[in-house]
Every structure is written in structure tokens, then in C-alpha cells.
Amino acid sequence: MKIPFPISSTLQIISIIICGNILSGCSLIPSILPNPYIYQLNKYTPKQYIGCINISHIDSVEQTADNSMRIFKGGALAFGLNEAADHITDITITPTAGKNFTIGFRSTPHDYLHNKGLEFTFDDKAILIKEHGKIIDKKQFSGLQEKKQERFIIINDAAEYSLQIGCDIVYRGKTKLQGTEYCFLYPFAETELHAQAITMTNIRVTKPSLTLQKSAEKIANSPAAE
Amino acid sequence: MIHSIFRVHILFLSLCSVILLSSCTTVLKKQLTRTEEDRFTITVNDTTVEKIINNPPGPRDNGIIFPSPTTKVITHTKTQYDSTSERYYPNFIRAGLFEGVGLLGTSSPSEGFGSGLFGVFGIFDPEFGTINRNEPRDVLFTGGLYRFGIFEWQLRWFRDAKHWTVGTSAVEMIVPEVDNPKSLVSIFPIYIRKRFYLRESIPYIAITPAFGFGYFPSQYGNASVSLDFGSIGGLNFRIYAGLAAGINLANSSLNSTSASVSSTIPYIGLGTSVLDFLNKPEELDIEWKNHEHSSWSVGLLSFSINMSSADTSLFGYTQVTSRNRTTSQGQPGIINGFSLRVAPVTLALPFIDKRVFIGTSLLHLGVLGAKEIIMSVFPLRAGYWHTLIQDELILEPSIEYTYYPSRVLNVSAACKLAINEYINLQLTGGVASGNPGNSVTAVFDLSDGDVLDFTTFYLGFGIGINERLFKESELRYSRKK
């Protein structure tokens, strides 16, 4: 008679459990599988990291430098500054083909298809300001020139927002839409963009301790309430 | 005796993988669930206008508009609230508790391991894993392949080419024959798989080529291709063909000799797995709450203690020999036995309001008394799922036929009270009639003189551990238009 079962020592069973905990606990295997749709910008510069999510086809976007992204036809990008729903986004954009595109904010990549938030759409002759996809204002604009770079600064602070192109503040507005951590950039069908010097600056950090419920709890537990 | 050792090890390993899985619940949750959080800031602008009219004292002429000093205070306030929104997604392509494959052609039938169909039925054979040179035997399933604690994650290479996965399992064992050193065993072997889906809706059908290697204690490579059917309620069926080749080093835990032993194992096999869930890559972007389910319940363990009409309690009996005949004798107690189901599943059928179900479990061990024993692998169960109180209290009348190793018909009704998503309390009453079977009497050391056929009424009170009861709205049949 032969004993078929191979593992017999308790030590080996313990080693299995330890190895299991190490491997799965450190998420070793999943961590070597980076998501190719996610980029990290400003990795090598002393600025805040910017999370960048490709929300289109994998081949529609390419990282060209530490804080530069190229978006091909049909591509779309979401930039996000962690925990900052009030922020300043500063991007220098060069349309390499075509010149029509949209900069969006106050939405999330998860919800973007259903809730477009606020958008600045750059047309040939005007800037269309849209809220949830509906045009709420229109601003005359001479239009961008192909292959000429332009700097865009969007200040997204509380209920107010503004768009600055170069040195000119071209639009100021107010909205009731809630602020999010993200800013979106997507070119029209025939347009390709090169977004460079992408910077996002935090105005205020969102804290879970400042939620409506937590605030109410804080007020209720304050000595004055007694 | 030898096969009992194997059984004990199988049970021990299963227990270890359950402990491994449950001991690191937080870690496991992270592997099972990806949490995404969005943060929002809500700004509330509020304006208060306070108008105070101060009428001067003294008489005034009526009928004339008389100016009076007015103070108007306008206060603007801006309040910002933050809110966080968390979403939960599956984080794995495949997560499973146990996979067993009965392998054909791994050795000569006389030296076969005898794993049986799906690699589990043979375990309950009295001749399992033994060779008596004086009594030649033939087994069909000569080898077995077992995996415990299986995980697969998306492998996003080749520009995110679809259906590639990398995975591992806590333990993998490829046992070609009874001879110990020929077995290939590894902890956490690494596998790369690619699925080609033939059917893209539940239950999925896919052809899956795979290549993997193990490194400790055996060192080997294993290339296979399988036709996969499932998962549905965590159940899967697979047909395998493959080749495993490797080595057990000298004086290693598998090979006590002073020379290394190499193994080359070509195989084909029939396998199954339980609590083994499969997601397609696109399903990783669907929130857990929106996932479709096929079962009324899926669980890890179900345990109950039984009162029964058996005349001898499991917990107090002796074997008495009289006139060369040994019998088990004792008194019935309040508690006469227990029931244990490993990996029970209840699959909804898409007719009669989806409430007719079929079910099974990896193992059902029902001990109703000292001699009234039901042991079963993949018993067949059918019944009706009746909701008494929405989402909380379930009545589940069912009829269960256990065909191997015990042959018992079990008619019962269970009341299940959901305590939370993972725990429920159960009250089960029923009658079981049949015979424990030869291998069961051997394992439980029942005496030759005992009358083994039984018909026993029972009432059990128990608990479902990690057993989730699903709502009607969560069934995929409810979501189809």
C-alpha cells in the first residue's frame, strides 16, 4: 500500500496560509497589472499628482511627457486632482488637427455619459457654455487656430467658475451644480489635441468630515446645543 | 485506513482554505471588491434680508404718507458641504473555493488513484487511493486535479487584449496515480489563461487554453485547454485536456527517496467547481448592486443540530457484541445528530414565478442518529422558494435525492431567517428514508449487525454561514424585459 496524499506536515499548511496572506494581502498579483487606461501626471515634478483617465478607446490617447497628453480623434480624457472639488485647471492646448473641442467639469468619469455637468465647447466662431448638455450662454470667440497653442485656465470655486484664455478672462458664471474632482477634455470627431503643461491646483480639500450629516452631528453634539 | 487519511487531508485542506479565506476577510474583500470613491462639494448660497422700520415716537397726522426711517440689512452666506459617493465593483475575473477534476489516462487502471467523477466521487469509495497487490482492480478516473482558493485577475497586456487572465490558487494538486512522488503539488501556482467565449450570456461557455507553473514543493509546468460551462450559482463544469510535467526533488516532502522523481502526466478529465464565480471583463465595470444573479441562495456552509426519531443518539452509543453479532446500542437524546452542507446552492428556474428551484451542495453530511447517516456528494434537490416576509423570512419545501455514497430520499421544509447578508438562521423539519451505503458504514464504523435501512423524522435548528439569500429583484430573470 502507498500513501497517496503528498502534503502531510503541519509546517507546510502553515506556510500555505502565510504565503496566501502575503500574496493576497499585499495584492501582489493585482498590483503588477496596471490599468492601461489610467495615467499619473506630474509624477516627476514637485507638483500635485494628477490622475488621468482615458475614457475612450485605449489607442485614442497617448502620454507624451510627464504632464502632457495627446488625444487622437475620438479620444477623451478626464483629469482629476484627488480630494479637490474646488480647483484651478491650467492646460496649454495645441490643436494638431481640426480645432473644435470641449472642456468639461463638474461631472465624474463614471457619470459622464448621463451627466455632462458644465462644458465649454469651442466652436469656430463662439464658445458655447452648456449645463447638462443644454446651451445656457454663448460668447463670441475668434476661434482657435490649428497648430497654435493656447493656454486655458478654468477656475472652479464653489458656485462660481471662470474661463481664462491666455491673459483674458472670457467668461464668468455661477452654477448650482456640485463640484467634483475632475476636468474633461475631448476633441470633436475630426480634431486631435496635444494637451501640455497640465496643472491642477487645489483651492479647497473636500473632507468626509464635512458632509452634511457629519456637520449636523457636530452641531448636535456641540455644547451650545445642550 | 489510507483513504481515510486522504479524506482527512482533503477536509483539512478545505478547512484551511476556508480559514485562509475567512481569516483575512479584509484582504479578501479587497480582492473581491473594488471600491471607487467620488467626492463632491455642494455650495449653498443664502441671502437674508432684514428690514427694520423704526417709527419715531409722538403723534402723526393720519392720511398722509409719512416717511419713517428704515434699516435694511442684507446678509449673504455661502455654505459648502462635502459629500462622498462610493461605488463597489467586482475586482476579479474568477474567484472560487474548490475545483476538482477526475483525470483519465494518467496511469494504468490498476495503479490509478480512483478519484472518480469530477475528482470527488471516488473519495467516498472504500477502495479509494489504495492498492492491494493481491487484489487487482481497475479504476476509470486514474488521477485527480484539485485546486483550493482559486483567483484570477484581468491581465491587461497586448493593449488590453480581452479575456486574458493571470491567476493562482492556494494549493494545486495533480495526482496521476497512487504513487506519491509522482504527484505534482504547489502552493500558489501561477497561471495565465485566455478565454474564447462560445456563449456570452449566463451560463457562459468558453474554451480556455491555460499555461501555468508550480514551484513549491513540486516544480512543474502545466499546459491545458478546457471547455468551461458556467458559472451559474457558483457551479461550473469543465472538460480538460492537458499535459503536466515536473519534478519532485530528492528528499522533498513528496519524495522521501534520495533520487529526484520526474513526472509527465498527459490527461483528459471531467471537472467541476463550487463557489466559483466568473466575471467577464465588462462585468467588472458593473456595480455589485446591479449584478444579475441566478440563484435564490449561495452559501459557504450550512450547519444544524438535529432532534430526530432515531432510537440512538450519535453522542451516546456503544457497540455491543452478542452471539457473534455486534450492534450499536444506546438511548435517544434531545439532540441526536447534526447536518452539514458544504457550498449549498439553490438555483432559480425561470418558470412558475421563478420560485421553483433545483439545488445541490458539494457535500451533505446528515447525521440523524448513530446509524441514520446521510453522506452525499452533489445531492439533487428540488423545491419551491416561498417568501413569507419580504427579504427576511423564507419557507423552502424541498425534496432531495442523495444517490452516492448514501442512497436516501429526504423530504423537508426549511424556514430561513436572514440576519444579515451573510448569516441566516434555519429551522428544518423533514423525513429521510434510505440507506447510508457501504462506504459510509465503513467511515462511521457502523457494526455489521446494525439494520442500516432507516426512515427517520427530524427537526433541526441551524445557521447558514456566508450564505446569502437573494431577493427576487436581484435575479436575472426578473431583470429581463
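Residues numbered from 1 in each chain as written. Chains lettered and ligands numbered in written order. Predicted model: local features only at pLDDT ≥ 70, side-chain atom pairs only at ≥ 80, totals over all residues. Heavy atoms only, no water.

*Asks:* Mind showing me how you'd approach the overall build of chain B here?
*Replies:* When helices and strands are tallied, chain B shows 4 helices and 29 strands. Across the 481 residues that make up chain B, the buried fraction comes to 53%. When contacts within chain B are restricted to residue pairs at least 6 apart in sequence, long-range pairs at least 24 apart make up 66% of them. Accessible surface computed for chain B: about 21900 Å², of which carbon and sulfur atoms make up 61%. (Helix = DSSP H or I, 4+ residues; strand = E, 2+ residues; numbered from the N terminus. Buried < 20%, exposed > 50% of the residue type's maximum accessible area, 1.4 Å probe, protein only. Contact = heavy atoms within 4.5 Å. Areas by Shrake-Rupley, 256 points an atom, 1.4 Å probe, with all protein chains shown as cover.)

*Asks:* It is not clear to me how the pattern of salt bridges should be interpreted in this structure. Could you clarify?
*Replies:* Any two side chains of opposite charge can pair, so long as their charged atoms come close to each other. Residues and elements named next belong to chain B. Per the counting criterion, the structure on display carries 35 salt bridges over all chains. The partner of Arg-94 in a salt bridge is Asp-276, with the nearest N and O atoms 2.8 Å apart. Residue Arg-94 is located in strand 3 (residues 94-104), and its partner Asp-276 is located in the loop between strand 12 (261-274) and strand 13 (277-278); the two are separated by 182 residues in the primary sequence. Notably, a salt bridge pairs Glu-287 with Lys-289, separated by 3.9 Å at the nearest N-O pair. Assessed through its relative accessible area of 61%, Lys-289 is described here as exposed. Residues participating in the shared-partner salt-bridge network are Arg-94, Glu-99, Arg-147, Glu-152, Glu-172, Arg-193, Arg-195, Asp-228, Arg-238 and Asp-276. (Salt bridge = Lys/Arg side-chain N within 4 Å of Asp/Glu carboxyl O.)

*Asks:* Is there a simple way to explain the side chain of B:Arg39 in this structure?
*Replies:* Within the secondary structure, B:Arg39 sits in strand 1 (residues 33-53). Polar contacts involving the side chain of B:Arg39 include one to the side chain of A:Glu83, which spans 3.5 Å. Within the local environment of B:Arg39, its side chain forms a polar contact with the backbone oxygen of A:Thr206, the two atoms lying 2.9 Å apart. In this structure, B:Arg39 is in contact with A:Glu83, A:Ala85, A:Gly179, A:Thr180, A:Glu181, A:Thr206, A:Lys207, A:Pro208, B:Ser83 and B:Thr84, ignoring residues within four places of it in sequence. (Polar contact = N/O pair within 3.5 Å; in protein donor to acceptor, adjacent residues only side chain to side chain.)

*Asks:* Teacher, can you tell me more about the confidence of the model for chain B here?
*Replies:* Caution is warranted with low-pLDDT regions, since their predicted coordinates should not be read in detail. On average, chain B scores 86 in pLDDT, and the residues at 70 or more come to 87%. The ipTM for the predicted assembly is 0.82, set against a pTM of 0.83. (pLDDT = per-residue confidence, 0-100.)

*Asks:* Even after reading the chapter, I still don't get empty space enclosed by the protein, so can you show me in this structure?
*Replies:* Over the atoms rolls a probe the size of a water molecule, and its path tells where empty space is left. Residue and element names in this part refer to chain B. If you walk through the whole model with that rule in mind, you get 6 cavities of 30 Å³ or more. Taken as a whole, the largest cavity spans an internal volume of roughly 300 Å³. Around the largest cavity sit 25 residues that line it, and Ser-302, Arg-341, Ala-414, Gln-426 and Thr-428 are the ones nearest its centre. Broken down by secondary-structure element, the contributors of at least two residues to the lining of the largest cavity are strand 15 (301-308), strand 18 (337-342), strand 21 (363-367), strand 25 (393-402), strand 26 (407-418) and strand 27 (423-435). (1 Å grid on protein atoms, 1.4 Å probe; cavity = no way out; pocket = protein on both sides within 12 Å on 5 of 7 lines; lining within 4 Å. Points joined across faces, edges and corners; volume = space filled by probe spheres on them.)

*Asks:* What is the right way to read the sheet that holds strand 5 (residues 77-80) of chain A from this model?
*Replies:* Strands belonging to one sheet form pairs held by backbone hydrogen bonds; the direction of such a pair is parallel or antiparallel. Residue and element names in this part refer to chain A. The antiparallel open sheet is built from 8 strands, whose spatial order is 1-2-5-15-7-8-9-10. Among the strands making up the open sheet, the edge pair consists of strand 1 (38-41) and strand 10 (134-140). Across the sheet, the mean angle from the axis of one strand to that of its neighbour is 20°, orientation sign disregarded. Bridge count between strand 7 (residues 101-105) and strand 15 (residues 182-187): 5 bridges; the pairing is antiparallel. Bridge pairing links Phe-105 to Cys-183 in strand 15. (Pairing = 2+ DSSP bridges. Axes fitted to C-alpha atoms, helices over the stretch in contact; angles between N-to-C directions.)

*Asks:* Teacher, can you tell me more about unusual backbone geometry here?
*Replies:* Most peptide bonds adopt trans geometry, and most residues besides glycine take a negative phi value. All names here are of chain B. Along the chain, Phe-216 connects to Pro-217 via a cis peptide bond; the corresponding omega equals 0°. One can find Pro-217 in the loop between strand 9 (205-214) and strand 10 (219-232). In this model, Tyr-404 is joined to Pro-405 through a cis peptide bond whose omega is -5°. Phi at His-163 takes a positive value of approximately 65°, unusual for a residue other than glycine. Mapped onto the secondary structure, His-163 falls in the loop between strand 4 (143-154) and strand 5 (164-175). Positive phi, normally seen in glycine, also occurs at Leu-275, with a value near 45°.

*Asks:* I would appreciate a short explanation of the packing of aromatic side chains in the present structure.
*Replies:* Here the distance between the centres and the angle between the planes together describe a pair of aromatic rings. All names here are of chain B. This structure, assessed with the given rule, holds 31 aromatic pairs over all chains. Here the aromatic rings of Phe-118 and Phe-378 are separated by 6.2 Å at their centres, their planes lie at 80°, and the arrangement is edge-to-face. Here Phe-378 lies in the loop between strand 22 (373-377) and strand 23 (380-384) and Phe-118 lies in the loop between strand 3 and strand 4, a separation of 260 residues in the sequence. For Phe-378, a relative accessible area of 7% gives the class buried. Ring geometry for Tyr-401 versus Tyr-403: centroids 6.4 Å apart, planes at 40°, classification tilted. Here a set of aromatic residues connected by ring pairs shows up, and it is made of Phe-118, Phe-121, Phe-237, Phe-378, Tyr-401, Tyr-403 and Tyr-404. The positively charged end of Lys-280 is found above the aromatic ring belonging to Tyr-197, 5.5 Å away from the centroid. (Phe/Tyr/Trp six-rings, centres within 6.5 Å; stacked < 30°, edge-to-face > 60°. Lys NZ or Arg CZ within 6 Å of the ring centre and 35° of its normal.)

*Asks:* Honestly, the environment of B:Val101 in this entry has me stumped. Any pointers?
*Replies:* Residues and elements named next belong to chain B. Positionally, Val-101 belongs in strand 3. Taking the C-alpha atoms as reference, Val-101 lies 6.0 Å from Gly-269; in sequence the two are 168 residues apart. Every residue in contact with Val-101, bar those within four places of it in the chain, is listed here: Phe-118, Gly-119, Gly-143, Gly-144, Leu-145, Tyr-240, Gly-269, Leu-270 and Gly-271.

*Asks:* Which parts of the structure should I look at to understand the nonpolar core?
*Replies:* One broad trend across soluble globular proteins is that nonpolar side chains are buried collectively. Grouped together as the largest cluster of nonpolar side chains are 41 residues, with contacts concentrated most on B:Phe98, B:Val120, B:Tyr146, B:Met173, B:Val274, B:Leu362 and B:Phe378. Elements represented by at least two residues in this core include exactly strand 3, strand 4, strand 5, strand 6 (184-187), strand 18, strand 19 (345-348), strand 21 and strand 22 of chain B. In terms of residue count, strand 5 of chain B provides more of this core than any other element does, 4 residues in total. When residues no more than four places from it in sequence are discounted, the contact partners of B:Leu362 are B:Phe98, B:Val274, B:Val342, B:Ala343, B:Ser376, B:Val377 and B:Phe378. Core analysis: the second largest hydrophobic core is formed by 36 residues, A:Cys52, A:Ala84, A:Ile93 and A:Ile165 among them. (Core = buried A, V, L, I, M, F, W, Y, C linked by side-chain atoms within 4.5 Å.)

*Asks:* In this structure, what is going on with the pairing of strand 15 of chain A? I would like to understand it.
*Replies:* Along any regular strand the residues' side chains alternate between the sheet's two faces. Residue and element names in this part refer to chain A. When you tally the buried positions in strand 15, you get 6 out of 6 residues, the bulk of the element. A two-sided burial pattern is seen for strand 15, the buried positions comprising Tyr-182, Phe-184 and Tyr-186 on one face and Cys-183, Leu-185 and Pro-187 on the other. The sheet contact formed by strand 5 and strand 15 spans 4 bridges and is antiparallel. Counterpart to Phe-79 in the pairing with strand 15 is Cys-183.

*Asks:* Mind showing me how you'd approach the sheet that holds strand 12 (residues 160-165) of chain A here?
*Replies:* All names here are of chain A. Ordered in space as 3-4-16-6-11-12-13, the 7 strands form an open sheet in which the pairing is antiparallel. Two strands in the sheet have a free side with no partner beyond their single neighbour: strand 3 (61-65) and strand 13 (168-174). Within the sheet, the average angular offset between the axes of one strand and its neighbour, ignoring direction, is 25°. By the bridge criterion, 7 bridges tie strand 6 (residues 86-97) to strand 11 (residues 150-157) in an arrangement that is antiparallel. Looking across to strand 11, one finds that Ile-91 is bridged to Phe-152.

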